[in-house]
Protein chains: 2
Amino acid sequence: MHALLIISHGSRRAQSNDEVVQLCQLVSEHVEGDFDLVRAAFLELASPSIPEGIKRCVDDGAECVTIVPYFLAAGRHVAEDIPSIVNAARVEFPETMLSIAPHLGAFEGMARMLAEVARAQGGGRD
Amino acid sequence: MHALLIISHGSRRAQSNDEVVQLCQLVSEHVEGDFDLVRAAFLELASPSIPEGIKRCVDDGAECVTIVPYFLAAGRHVAEDIPSIVNAARVEFPETMLSIAPHLGAFEGMARMLAEVARAQGGGRD
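Residues numbered from 1 in each chain as written. Chains lettered and ligands numbered in written order. Predicted model: local features only at pLDDT ≥ 70, side-chain atom pairs only at ≥ 80, totals over all residues. Heavy atoms only, no water.

Asker: Mind showing me how you'd approach the state of the cysteines here?
Answerer: In protein chemistry, a disulfide is the covalent bond that joins the sulfur atoms of two cysteines. Residues and elements named next belong to chain A. According to the stated counting rule, one finds 0 disulfides over all chains in the structure shown. Cysteine Cys 64 is unpaired, with the sulfur of Cys 57 as its nearest cysteine sulfur at 11 Å. In this structure Cys 64 comes out as partly exposed when scored by relative accessible area, which is 22%. (Disulfide = S-S within 2.5 Å. Buried < 20%, exposed > 50% of the residue type's maximum accessible area, 1.4 Å probe, protein only.)

Rendered as structure tokens:
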């Protein structure tokens, strides 16, 4: 059983956190057949935390958890904080395979997606 | 002449800002024929600022500037700061059409892209 855990920073604004949870529900429609469940977790300021999110996936039966950092910049959070938390979880759940995808901003499809956003707003000739 | 201006928050880490500039160069390859030039600007901590970025587009001959906020969350920056700065620029450049696209996190393609990131990392059955 394979889980997808999408990690965002977390905000004091509940609405921002809710948006991420809703986004994860949308993602689950796109990964049917590839991932059995999709969850959100937050680095700080919101719950579930990353360790809690991983634990919930394991409790639900996940043998593999793919972690996607929903971050645009490769700052300290992406380079240090998330790997450190995931490494601690590897010790706690030695039988679960935890893998961290590149953060969203590094994804090769990002330029294409920004182009789509721009065109949708009204690029293109009259 | 139509310009695309991609606005990110800006970081104290020069590398993060450089990544955005490089991303804009990649975006320009995807919007050829739709936009004549693609530039980056930063809300804070880096240059060019948003007003500077708009001015450079206008100086280069842009009659329309499409502004894409490279932000994931609809926080104060997206909801208030960027519109306020762009409104001031509308007064300064009354003959230039400035339009703000929804921020990246609101784009309908985001769920699909996160699914792609997850699959690229190793979703899928053995």
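Asker: So what exactly am I meant to see when it comes to empty space enclosed by the protein here?
Answerer: Unfilled space is identified by rolling a water-sized probe across the atoms. In total, this model carries 1 cavity of 30 Å³ or more according to the counting rule given. Empty space within the largest cavity amounts to approximately 50 Å³. For the largest cavity, the full set of lining residues is Gly 109, Arg 112, Met 113 and Glu 116 of chain A together with Phe 107, Gly 109, Arg 112, Met 113 and Glu 116 of chain B. If you list the elements that add at least two residues to the lining of the largest cavity, you get α4 (110-121) of chain A together with α4 (110-121) of chain B. (1 Å grid on protein atoms, 1.4 Å probe; cavity = no way out; pocket = protein on both sides within 12 Å on 5 of 7 lines; lining within 4 Å. Points joined across faces, edges and corners; volume = space filled by probe spheres on them. Helix = DSSP H or I, 4+ residues; strand = E, 2+ residues; numbered from the N terminus.)

Asker: Before we go on, may I ask you to explain the pattern of salt bridges in this structure?
Answerer: Pairs can form between side chains of opposite charge once their charged atoms are near each other. One pass over the structure, following the stated rule, counts 10 salt bridges over all chains. Its salt-bridge partner being Asp 34 of chain A, residue Arg 119 of chain B comes within 2.4 Å of it at the nearest N-O pair. Linking Arg 119 of chain B in helix α4 with Asp 34 of chain A in the loop between α1 (14-30) and β2 (37-42), this pair reaches from one chain into another. Relative accessible area serves as the criterion here: at 33%, Arg 119 of chain B is assigned to the partly exposed category. (Salt bridge = Lys/Arg side-chain N within 4 Å of Asp/Glu carboxyl O.)

Worth remembering: the numbers are spatial, not functional.
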